[in-house]
There are 2 protein chains.
Amino acid sequence: IAKEVAKLLEMKAQLGGDEGKHKFVLKTPKGTRDYSPKQMAIRERVFDAIITCFKRHGAEVIDTPVFELKETLTGKYGEDSKLIYDLKDQGGELLSLRYDLTVPFARYLAMNKITNIKRYHIAKVYRRDNPAMTRGRYREFYQCDFDIAGQFDPMIPDAECLKIVHEILSDLQLGDFLVKVNDRRILDGMFAVCGVPDSKFRMICSSVDKLDKMPWEEVRSEMVGEKGLSPEAADRIGEYVQLHGGLDLIERLLQDPKLSQNKLAKEGLGDMKLLLEYLSLFGITGKISFDLSLARGLDYYTGVIFEAVLLQQNDHVEEPISVGSVAGGGRYDGLVGMFDPKGRKVPCVGVSIGIERIFSILEQRVEASAEKIRTTETQVLVASAQKKLLEERLKLVAELWDAGIKAEVLYKKNPKLLNQLQYCEDTGIPLVAIVGEQELKDGVIKLRVVATREEVNVRRESLVEEIRLRTSR
Amino acid sequence: IAKEVAKLLEMKAQLGGDEGKHKFVLKTPKGTRDYSPKQMAIRERVFDAIITCFKRHGAEVIDTPVFELKETLTGKYGEDSKLIYDLKDQGGELLSLRYDLTVPFARYLAMNKITNIKRYHIAKVYRRDNPAMTRGRYREFYQCDFDIAGQFDPMIPDAECLKIVHEILSDLQLGDFLVKVNDRRILDGMFAVCGVPDSKFRMICSSVDKLDKMPWEEVRSEMVGEKGLSPEAADRIGEYVQLHGGLDLIERLLQDPKLSQNKLAKEGLGDMKLLLEYLSLFGITGKISFDLSLARGLDYYTGVIFEAVLLQQNDHVEEPISVGSVAGGGRYDGLVGMFDPKGRKVPCVGVSIGIERIFSILEQRVEASAEKIRTTETQVLVASAQKKLLEERLKLVAELWDAGIKAEVLYKKNPKLLNQLQYCEDTGIPLVAIVGEQELKDGVIKLRVVATREEVNVRRESLVEEIRLRTSR
């Protein structure tokens, strides 16, 4: 026995030893990433374009916590609910990370009894999805949401959301794009006239939503096989979902013997007509396509839905092909009511810009080009040519900081001038303020322009002004 | 039996009915909050001041995921580790929400083999602490971190961190403040000469850290009672931690018969002297106090530590009293090495601005004043005085958006002019562009200045220019 115990103790010691080594896996969690300074510079350009647009349309901004009570998110996302991140029960409330910004927005409206607001919200959301990071699909990603809540005349806010998508995608110069538009009421009417039982509407809608990733044959077999739809109903749906067009298609469907008998579909088609009229006033119908195959996965939509895809010309086929969705949204008139104790509804419509894919595209473009992106804004490096001038450099850099000049100093007691100039080259700092024994005696600072190597002596009291002048372009 | 079954079924039905009611608790999770548009406007002012300062000092910006592998956070926070939020194990990696931005920063440096960077990072962190929201203590809160990593000459980056704290607190005009400075090496040396066993250094350090919230008597009894320190050692510590001052105190301690014999303490005191010399060059020693009671809770500090507190003049006592910490930081030379497979060290020093308390103060100040904060930037409302002009309003507002003007339109077919003017009053929109039958015929738009009620007809092609001119101030 003593022998056995010794053996076990030895084994334990070995295990303990291994533990002690702290074998770290040095990585970010699956589906997430860090942003380097260069990536941040690109990201901020994108954010800037988006926020500028949201503000141009008069939006306020709000923020909500990254997690919500678990029950706040329950029953809002249909099949996608399985992708929600839950927090561990460490005592207290049960919490989940937000899955989008829309449900927290609805919770915010109900909680604060707000019936009227136009707001944007830019923040990270979380989905336990299969990441495809090269194509910009992450588990932690930004959404940039703009929503209009309130009881208004039909399709005016809806049209503004589409205008916003158009403005942002044009501003960012991502190439050609198309905004597909449909309406949940048209879809539901279509399902009804095709013979889908009411109880299967949402389920079949989820299947239709997969049409952008799967061919019709596969979607059909999911409908019939997994979801128990009759083959005849599926085939009827198959005919409708091929259709896309503009006002002409709406007129045709309004004449459709079956669809025109369905109240929901008729309402949806009437509003779609109005929407296209408003979009024509906005001058953007060229990039809008009314598309019966557009379904959107989420449960909460009740009216107009839309999705913007980037297009790429392909040598082998005539029509440009979609290279992925970059924005989506729609009307959700019932969501706020789900949170209100008395079920009071607040009609809402909104759009969400998915910046990850946009960011991927711009990042690749920068990589491919020779463009050098500065990651700091420093205007001047305070340097010295001789030794023992650390104190003078510190005094001068503090003077510049206090005057609001963006300035740096190398953290060495006696840095070589060459190293200081090299630092400017590497980081794009345009000016160097050089302190030297003689200059200090003369009350001047030598200002050097990095690009031209030109040097001028500037009186110390004029230095701030001179730096401002030279970096104001 | 049949009766019993019926009874049970009835009970079940009742329970089911209750479930169906969805009794939502309409709230944000404990210790968290939403930000309203007005709060966001104040928050953005604070961020703006902080980011401007960080950029003035030449910092780049990075971002990291909101959660990390659980093991990344393990063993970094000492007693505070119990406050980390874990995610539920839903298969895959074990994850935790970040507790601060410093450990993710160190992980980022090690992972990317970066040995030299000056970066800022502004993001939310998470602590399962007891919230005290009126005093700005939350479970989800922002940190604004600035850190300098790299092998440099002593105390130059450390001094810049303190300069940054000084600049930000001055810029934000929060009233009087004091930055307490100490050094972990001085503390450890002090513990050694007081007779604290090596194994209890961190534990006793945690107790000293509570001195800003608890009187010495309580801290002493924690040391002796809970932590098993000898009463004599505690009393010796008690004498040291009363001391605070400037260069004079450093000189005195360098003469202290016990402390001056301790290698660590001597090193720390020497560097503290150098730090104060640099801060004097920066002209900020007036608000700096070398304070032996400052300990900071976190395990990872290895050198200089500091904490900024706001001061308030109190009628009853002579000296101004601290109303809470708003920034803190220090040197952590070992943290990156904990992540590096070969233990390679990257010396770091950094500062974290705690904006929640700052934000509380500014929010109260705005509430108390008559200042009206605009939450949008809209320059002009496109309005109409007559009915049936929706289409003309939509056309005009799209023209303005496309020209980069911040414009809104009410989402009503026929809004009353009074309601449109009231909307401008309520939201602070300075201009109204009024379309009318006659004006359309004449090719002009009536531009109204909300504040003065002045109205002028502007030719449609000059409208954009005129709006820019009138809103450029």
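- Looking at an unreviewed UniProt entry, one finds chain A named histidine--tRNA ligase, with Eurystomus gularis as its source organism.
- According to UniProt, the comment filed for chain A under the heading Sequence similarities (unreviewed entry) is "Belongs to the class-II aminoacyl-tRNA synthetase family."
- In its Catalytic activity (unreviewed entry) section, UniProt records this for chain A: "tRNA(His) + L-histidine + ATP = L-histidyl-tRNA(His) + AMP + diphosphate + H(+)".

### Comments concerning the pattern of salt bridges
A side chain of one charge can pair with a side chain of the opposite charge if their charged atoms are brought near each other.
Item 1. A complete count under the given rule lists 80 salt bridges over all chains for this structure.
Item 2. In this structure, the salt-bridge partner of Glu251 of chain A is Lys273 of chain A, at a minimum N-O distance of 3.3 Å. Taken as a pair, Glu251 of chain A in helix H10 (residues 247–255) and Lys273 of chain A in helix H11 (residues 263–281) lie far apart in primary sequence, 22 residues in all.
Item 3. With its nearest N and O atoms 3.1 Å apart, the salt bridge here joins Arg459 of chain B to Glu461 of chain B.
Item 4. A relative accessible area of 43% means that Arg459 of chain B is categorised as partly exposed.
Item 5. We classify Glu461 of chain B as exposed; its relative accessible area is 59%.
Item 6. Salt bridges here are not isolated pairs; linked through shared partners, they connect Arg56, Lys163, Glu167 and Asp171 of chain A together with Asp402 of chain B.

### Describing the side chain of Thr28 of chain B
Item 1. For Thr28 of chain B, the location among the structural elements is in the loop between helix H1 (2–20) and helix H2 (37–56).
Item 2. We classify Thr28 of chain B as buried; its relative accessible area is 9%.
Item 3. Of the polar contacts made by the side chain of Thr28 of chain B, one reaches the backbone oxygen of Thr32 of chain B; its length is 3.0 Å.
Item 4. Look past the residues within four positions of Thr28 of chain B in its chain and what remains in contact with it is Pro65, Arg107 and Met111 of chain A together with Arg33 and Asp34 of chain B.

### A few points about helix H5 (residues 156–171) of chain A
Residue and element names in this part refer to chain A.
Item 1. Between its first and last C-alpha, H5 extends 23 Å over 16 residues, near the 22 Å set by a 1.5 Å rise per residue.
Item 2. Buried residues dominate H5, accounting for 14 of its 16 residues.
Item 3. Downstream of H5 by one or two residues, Gln173 has phi in the positive range, about 50 degrees.

### A few points about the pairing of strand E6 (residues 177–183) of chain B
All names here are of chain B.
Item 1. Counting buried positions over the seven residues of E6 gives six, a clear majority of the element.
Item 2. Here E6 runs beside strand E9 (residues 304–312); their pairing, made up of seven bridges, is antiparallel. Residue Val181 lies in a different strand from E9, and its bridge partner there is Phe306.
Item 3. The pairing of E6 with strand E8 (residues 288–291) spans three bridges and is classified as parallel. For Lys180, the partnering residue across the bridge sits in E8 and is Ser289.

### Focus: the UniProt feature "binding site: L-histidine" (unreviewed entry) in chain A
Residue and element names in this part refer to chain A.
Item 1. UniProt tags Asp100, Leu101, Thr102, Arg127, Gln143, Asp147, Arg296, Tyr300 and Tyr301 as "binding site: L-histidine" (unreviewed entry).
Item 2. Turning to its location among the elements, Arg127 is positioned in the loop between strand E4 (117–126) and strand E5 (140–149).
Item 3. Judged by its relative accessible area of 16%, Arg127 falls in the buried class.
Item 4. Reaching out from Arg127, the side chain makes a polar contact with the backbone oxygen of Tyr99 at a distance of 3.0 Å.
Item 5. With respect to the helices and strands, the residue Gln143 is situated in strand E5.
Item 6. Residues contacting Gln143, with those up to four places away along its chain left out, are Asp100, Leu101, His121, Ile122, Ala123, Val125, Arg127, Ser352 and Ile353.

### Digging into the domain arrangement of chain A
Item 1. Under the domain assignment used here, chain A contains domain 1 (37–368) and domain 2 (380–470).
Item 2. In this structure, domain 1 of chain A and domain 2 of chain A have C-alpha centres spaced 53 Å apart.

### What about the nonpolar core?
Item 1. Counting residues in hydrophobic clusters, the biggest one holds 268 residues, and the most contacted among them are Ile237 of chain A together with Ile237 of chain B.
Item 2. The dominant element in this core, judged by the number of residues it contributes, is H2 of chain B, at nine residues.
Item 3. What Ile237 of chain A contacts, discounting residues up to four positions off in sequence, is Met190, Phe191, Cys194, Val196, Ile204, Val208, Trp216, Met223 and Leu229 of chain A.
Item 4. Counting 16 residues, the second-largest nonpolar core is a separate cluster that includes Val66, Leu69 and Leu95 of chain A together with Val66 of chain B.

### So, the packing of helix H6 (residues 184–194) of chain A against H11 of chain A
Residues and elements named next belong to chain A.
Item 1. Packing of H6 against H11 leaves a shortest axis separation of 7 Å and a crossing angle of 145 degrees. Crossing handedness for the pair H6 and H11: left-handed. Residue-level inspection shows Arg185, Ile186, Asp188 and Gly189 of H6 in contact with H11, the latter providing Leu264, Ala265, Glu267, Gly268, Leu269, Asp271 and Met272.
Item 2. Partitioning the contact of H6 with H11 into residue classes produces five nonpolar, two polar and four charged.

### Remarks on the environment of Asp442 of chain A
Residue and element names in this part refer to chain A.
Item 1. By the element assignment, Asp442 lies in helix H16 (residues 437–442).
Item 2. Note on Asp442: relative accessible area 41%, which makes it partly exposed.
Item 3. Considering only alpha carbons, one finds Asp442 and Arg459, 17 residues apart in sequence, at a separation of 8.5 Å.

### Concerning the interface of chain A and chain B
Item 1. Each partner contributes residues to the interface: chain A has 90 residues there, and chain B has 90 residues.
Item 2. Each partner contributes to the roughly 8,400 Å² buried at the junction of chain A and chain B, and carbon and sulfur atoms together form 60% of this total.
Item 3. A salt bridge links Asp34 of chain B to Arg107 of chain A; the shortest N-O distance between them is 2.6 Å.
Item 4. On inspection of chain A and its partner chain B, the count reaches 48 residue pairs in polar contact (both at pLDDT 80 or more).
Item 5. A per-element tally of the side of chain A that touches chain B places helix H14 (residues 390–402) of chain A first, with eight residues.
Item 6. Residue composition of the side of chain A that touches chain B, by class: 42 nonpolar, 14 polar and 34 charged.

### Observations concerning the sheet that holds strand E12 (residues 380–384) of chain B
Residues and elements named next belong to chain B.
Item 1. The mixed open sheet is built from five strands, whose spatial order is E13-E12-E14-E15-E16. Two strands close off the open sheet at either side, each with one partner strand: strand E13 (407–409) and strand E16 (455–459). Strand after strand, the sheet turns through a mean of 30 degrees between neighbouring axes, direction not considered.
Item 2. Together, E12, strand E14 (431–435), strand E15 (444–449) and E16 form the strand contacts of helix H17 (residues 463–470), whose direction differs from that of E15 by roughly 10 degrees.

### A look at the packing of aromatic side chains
Item 1. Evaluated as defined, the whole model comprises 26 aromatic pairs over all chains.
Item 2. Ring geometry for Phe67 of chain A versus Tyr126 of chain B: centroids 5.6 Å apart, planes at 55 degrees, classification tilted. Here Phe67 of chain A is found in strand E2 (residues 67–69), whereas its partner Tyr126 of chain B is found in strand E4 (residues 117–126) on a different chain. Taken individually, Phe67 of chain A and Tyr126 of chain B each receive the classification buried, so the pair is uniform in this respect.
Item 3. With 5.4 Å between their ring centres and 55 degrees between their planes, Tyr35 of chain B and Phe359 of chain B make a pair best called tilted. Linking Tyr35 of chain B in the loop between H1 and H2 with Phe359 of chain B in helix H13 (residues 355–368), this pair joins segments that are 324 residues apart in sequence. For the pair formed by Tyr35 of chain B and Phe359 of chain B, the shared burial category is buried.

### Here's the deal with the relation of the copies chain A and chain B
Item 1. Note on the identical chains: chain A maps onto chain B by a rotation of 180 degrees and an axial translation of 0.0 Å, with an RMSD of 0.1 Å. Expressed as a symmetry operation, the mapping of one chain copy onto the other fits a two-fold axis.
Item 2. Both copies present the same face, since 100% of the interface residues in chain A are matched by interface residues at the equivalent positions in chain B.

### A closer look at the pairing of strand E16 (residues 455–459) of chain A
Residue and element names in this part refer to chain A.
Item 1. In the sheet, strand E15 (residues 444–449) pairs with E16 via five bridges, with the strands oriented antiparallel. Along E16, the bridge assignment pairs Ile445 with Val458.
Item 2. Counting the residues that bridge the hairpin from E15 to E16 gives five residues, and of these Arg453 lies at a positive phi of roughly 65 degrees.

### A few points about helix H15 (residues 417–427) of chain B
All names here are of chain B.
Item 1. Buried within H15 we find Gln420, Leu421 and Cys424. Angularly, the buried residues of H15 cover 95 degrees about the axis, an arc narrow enough to put them on a single face. What points out from H15, more than 90 degrees from its buried face, is the exposed set Leu418 and Asp426.
Item 2. The first or second residue beyond H15 is Gly428, which carries a positive phi of 80 degrees.

### What about the sheet that holds E15 of chain A?
Residue and element names in this part refer to chain A.
Item 1. Taken in spatial order, the five strands make up an open sheet running E13-E12-E14-E15-E16, and their pairing is mixed. The two strands at the open ends of the sheet, each matched to only one other strand, are strand E13 (407–409) and E16. The average angle at which neighbouring strand axes cross in this sheet is 30 degrees, direction not considered.

### Side note on the packing of helix H2 (residues 37–56) of chain A against H5 of chain A
All names here are of chain A.
Item 1. The contact between H2 and H5 brings their axes to 10 Å, and the two run at 145 degrees. Judged by the sense of rotation from one axis to the other, the crossing of H2 with H5 is right-handed. Facing Ile50, Cys53, Phe54 and Arg56 of H2, the residues of H5 in contact are Ile164, Glu167, Ile168 and Asp171.
Item 2. Class assignment of the residues belonging to the contact of H2 with H5 gives a composition of five nonpolar, no polar and three charged.

The rules behind the values
Residues numbered from 1 in each chain as written. Chains lettered and ligands numbered in written order. Predicted model: local features only at pLDDT ≥ 70, side-chain atom pairs only at ≥ 80, totals over all residues. Heavy atoms only, no water. UniProt positions renumbered as here; feature names shortened; annotations may be inferred. Salt bridge = Lys/Arg side-chain N within 4 Å of Asp/Glu carboxyl O. Helix = DSSP H or I, 4+ residues; strand = E, 2+ residues; numbered from the N terminus. Buried < 20%, exposed > 50% of the residue type's maximum accessible area, 1.4 Å probe, protein only. Polar contact = N/O pair within 3.5 Å; in protein donor to acceptor, adjacent residues only side chain to side chain. Contact = heavy atoms within 4.5 Å. Expected span 1.5 Å × (residues − 1). Pairing = 2+ DSSP bridges. Domains from an automatic or database assignment. Core = buried A, V, L, I, M, F, W, Y, C linked by side-chain atoms within 4.5 Å. Axes fitted to C-alpha atoms, helices over the stretch in contact; angles between N-to-C directions. Left-handed = near helix turned anticlockwise from the far one by under 90°. Nonpolar A, V, L, I, M, F, W, Y, C, P; charged D, E, K, R; others polar. Buried area = accessible area lost by both parts, 1.4 Å probe. Phe/Tyr/Trp six-rings, centres within 6.5 Å; stacked < 30°, edge-to-face > 60°. Least-squares fit on C-alpha atoms with pLDDT ≥ 70 in both. Arc of directions from axis to C-beta.

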